[in-house]
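Take a look at the letters that make up each chain.
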Amino acid sequence: MKVIYLVKVEGTLDELRELFVEGAKKEARKQAKKAGADVVKSVSKRTKSAWQRYMANKKKQIKFKSGKRKGRLDLKRMGAAFRREQRKSKR
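Right, let's walk through the structure included here. The model shown is predicted, which means the values in this text are computed figures rather than measured ones. The numbers attached to residues start from 1 for each chain and follow its sequence in the written order. Owing to the predicted nature of the model, reporting of local features is limited to residues with pLDDT of at least 70; listing and counting of side-chain atom pairs is limited to 80 or more, with chain, interface and lining totals taken over all residues. Hydrogens and water molecules were not included; the side-chain quantities draw on all heavy atoms of the structure.

**Describing the pattern of salt bridges**
Whenever a carboxyl oxygen of Asp or Glu lies within 4 Å of a side-chain nitrogen of Lys or Arg, that contact is scored as a salt bridge. With the rule as written, the count across this model stands at two salt bridges. As a salt-bridge pair, Lys60 and Glu85 come within 2.7 Å of each other at their nearest N and O atoms. Of the two residues, Lys60 is situated in the loop between α2 (50-56) and α3 (75-90) and Glu85 in helix α3; the sequence distance between them amounts to 25 residues. Type-normalised accessible area, obtained with a 1.4 Å probe on protein chains alone, sets the label of each residue: buried when under 20%, exposed when over 50%, and partly exposed for intermediate values. For Lys60, a relative accessible area of 25% puts it in the partly exposed group. A salt bridge links Asp74 to Arg77; the nearest nitrogen and oxygen atoms lie 3.8 Å apart. Take Asp74: its relative accessible area is 8%, and that puts it in the buried class. Working definition: helices are DSSP H or I runs of at least four residues, strands are E runs of at least two. Numbering for both runs from the N terminus.

**Looking at the environment of Glu15**
Mapping Glu15 onto the fold places it in helix α1 (residues 13-41). For Glu15, a relative accessible area of 47% corresponds to the partly exposed category. Considered as a pair, Glu15 and Lys25 are ten residues apart in the sequence and their alpha carbons are 15 Å apart. A distance of 3.0 Å separates a polar side-chain atom of Glu15 from the backbone nitrogen of Thr12. Two N or O atoms count as a polar contact when they lie within 3.5 Å, although within protein this holds only if one can serve as hydrogen donor and the other as acceptor, and sequence-adjacent residues are included solely when both atoms are side-chain atoms.

Any functional reading would require information beyond the geometric quantities listed.
Okay, here's the thing in structure tokens:
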């Protein structure tokens, strides 16, 4: 003989949706993330390229000083400086 328990739930539609629909979605996301984390743990991170390491160095960042791009990185000048540096290090 199976016994079924019924529970009375009261609340607004938004509260019920949060309780059942959103709660189920969050639980599913959590389980998927946990399953994915086990797979990802075995993979080592890739090493950054020379350009990425150059970009991460605050001292080497060249920024626009005026105009509409003020404060943003000047990638054209940074690229030229990077290539110049690369050529120097090969000698």
